[in-house]
Amino acid sequence: QVQLRESGGGLVQPGGSLRLSCAASGIILGRNTIGWYRQAPQGERELVAAIYPSGTTNYADSVKGRFTISRDIRKNTVALQMNSLKPDDTARYYCKLPIGTVTYWGQGTQVTVSS
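Residues numbered from 1 in each chain as written. Predicted model: local features only at pLDDT ≥ 70, side-chain atom pairs only at ≥ 80, totals over all residues. Heavy atoms only, no water.

> What should I look at first to understand the side chain of threonine 77 in this one?
Positionally, threonine 77 belongs in strand 8 (residues 77–82). Residues within four places of threonine 77 in sequence aside, it is in contact with Ser21, Cys22, Ala23, Leu29, Ser70, Arg71 and Asp72. (Helix = DSSP H or I, 4+ residues; strand = E, 2+ residues; numbered from the N terminus. Contact = heavy atoms within 4.5 Å.)

The structure is reproduced here in structure tokens:
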């Protein structure tokens, strides 16, 4: 059974940093495309960053230059390093794993950027 679990969220001041982690069980993440998404209150879930099996990455324009997605094959995790955080980055962050016609989501981790 495939399961995803996000961690690393919290409360941080503007300009601060957080590192989110998505841990997987039941599947090898390095062989799949993994996406980090976020959903703000009363907002739609949006793509933040993605990493492909080739190692290629993709970012939303709003986070380019501030966020970095990476994977650790040994730990079977995908991380999202978030720097220079802004209040607009406040949201619940999820990792997404599409496999064929099935899409797996974690439960999310809350990120709040506030002074």
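> So what exactly am I meant to see when it comes to the nonpolar core here?
Side chains that are nonpolar tend, in soluble globular proteins, to be buried together. Counting residues in each nonpolar core, the largest one holds 29 residues, and the members touching the most others are Trp36, Leu80, Met82 and Tyr93. Secondary-structure elements contributing two or more residues to this core are strand 3 (18–25), strand 4 (34–39), strand 5 (46–51), strand 7 (67–72), strand 8, strand 9 (91–99) and strand 11 (109–113). Contacts of leucine 80, omitting those with residues within four sequence positions, involve Leu18, Arg19, Leu20, Trp36, Val48, Ala49, Phe67, Thr68, Ile69 and Tyr93. (Core = buried A, V, L, I, M, F, W, Y, C linked by side-chain atoms within 4.5 Å. Buried < 20%, exposed > 50% of the residue type's maximum accessible area, 1.4 Å probe, protein only.)

> I would appreciate a short explanation of the pattern of salt bridges in the present structure.
Opposite charge on two side chains permits pairing when their charged atoms draw close. Across all of its chains, the model carries four salt bridges by this definition. In this structure, glutamate 46 and arginine 38 form a salt bridge, with 2.8 Å as the shortest nitrogen-oxygen distance. Judged by its relative accessible area of 37%, glutamate 46 falls in the partly exposed class. Look at arginine 38 and you get buried, because its relative accessible area is 6%. In this structure, arginine 38 engages aspartate 89 in a salt bridge whose closest nitrogen and oxygen atoms are separated by 2.9 Å. Of this pair, arginine 38 sits in strand 4 while aspartate 89 sits in the loop between strand 8 and strand 9, placing them 51 residues apart in sequence. Ionic contacts of the salt-bridge type, sharing partners, join the residues Arg38, Glu46, Arg66 and Asp89 into one network. (Salt bridge = Lys/Arg side-chain N within 4 Å of Asp/Glu carboxyl O.)

That is the geometry; function is a separate question.
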